[in-house]
Amino acid sequence: MESTEIRIGTRVKVRESLSSEFGGLEGTIMGKWGDPEYLALDVLLGNGLSQLFWHYELDGIEEVA
């Protein structure tokens, strides 16, 4: 996921190849910190946990209307 695409409320999925513990889980971006080129993101995961990820550890989920 490109850092320029990131918005609070965006639905994301943790890349399985980069995070074995959280890989494949989906969540919602609740906060973002740092330089726009290297963002840390606070993600509320579907299992109720909140976790920090780097922007490159996440993929966006397309919303179906």
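Residues numbered from 1 in each chain as written. Predicted model: local features only at pLDDT ≥ 70, side-chain atom pairs only at ≥ 80, totals over all residues. Heavy atoms only, no water.

A. View of the environment of Gly 31. Its place among the elements puts Gly 31 in strand E2 (residues 26-33). C-alpha of Gly 31 to C-alpha of Asp 42: the two residues are eleven residues apart in sequence and 4.9 Å apart in space. The contacts of Gly 31, once residues within four sequence positions are left out, are Ile 8, Ala 40, Leu 41 and Asp 42. (Helix = DSSP H or I, 4+ residues; strand = E, 2+ residues; numbered from the N terminus. Contact = heavy atoms within 4.5 Å.)

B. Quick look at the nonpolar core. Core analysis: the biggest nonpolar cluster contains eleven residues, these being Ile 6, Val 12, Val 14, Phe 22, Ile 29, Leu 39, Leu 41, Val 43, Leu 45, Phe 53 and Leu 58. The element that contributes the greatest number of residues to this core is strand E3 (residues 40-45), accounting for three residues. (Core = buried A, V, L, I, M, F, W, Y, C linked by side-chain atoms within 4.5 Å. Buried < 20%, exposed > 50% of the residue type's maximum accessible area, 1.4 Å probe, protein only.)

C. The pairing of E3, seen in detail. Taking burial as the measure, the six residues of E3 include five buried ones, the bulk of the element. Relative to strand E4 (residues 50-54), E3 runs antiparallel, the two sharing five bridges. If you follow Asp 42 over to E4, its bridge partner there is Leu 52. (Pairing = 2+ DSSP bridges.)

D. Inspection of the pairing of strand E1 (residues 11-14) at higher detail. Where burial is concerned, the two faces of E1 differ: the one with Val 12 and Val 14 is buried and the one with Arg 11 and Lys 13 is not. Direction of pairing for E1 relative to E2: antiparallel, over a ladder of three bridges. In the strand pairing of E2, Lys 13 is matched with Glu 26.

E. A look at the sheet that holds E3. Strand order in the open sheet made by the five strands is E4-E3-E2-E1-E5, with antiparallel pairing throughout. The open sheet has two free edges, formed respectively by E4 and strand E5 (58-60), since each of these has just one partner strand. Each strand of the sheet is rotated relative to its neighbour by a mean of 45°, with strand direction disregarded. (Axes fitted to C-alpha atoms, helices over the stretch in contact; angles between N-to-C directions.)

F. Expanded view of the packing of aromatic side chains. Tallied over the full model, the rule gives three aromatic pairs. Geometrically, the ring pair formed by Tyr 38 and Trp 54 is tilted, given 4.6 Å between the ring centres and 35° between the ring planes. Pair noted here: Tyr 38 is in the loop between E2 and E3 and Trp 54 is in strand E4, with a separation of 16 residues, a long-range link. Centroid distance Tyr 38 to Tyr 56: 6.2 Å. Interplanar angle 40°. Geometry classified as tilted. A residue pair is termed long-range when its members are at least 10 positions apart, and Tyr 38 in the loop between E2 and E3 and Tyr 56 in the loop between E4 and E5 qualify at 18 residues. An aromatic cluster is built from Tyr 38, Trp 54 and Tyr 56, whose rings are joined through pairwise contacts. (Phe/Tyr/Trp six-rings, centres within 6.5 Å; stacked < 30°, edge-to-face > 60°.)

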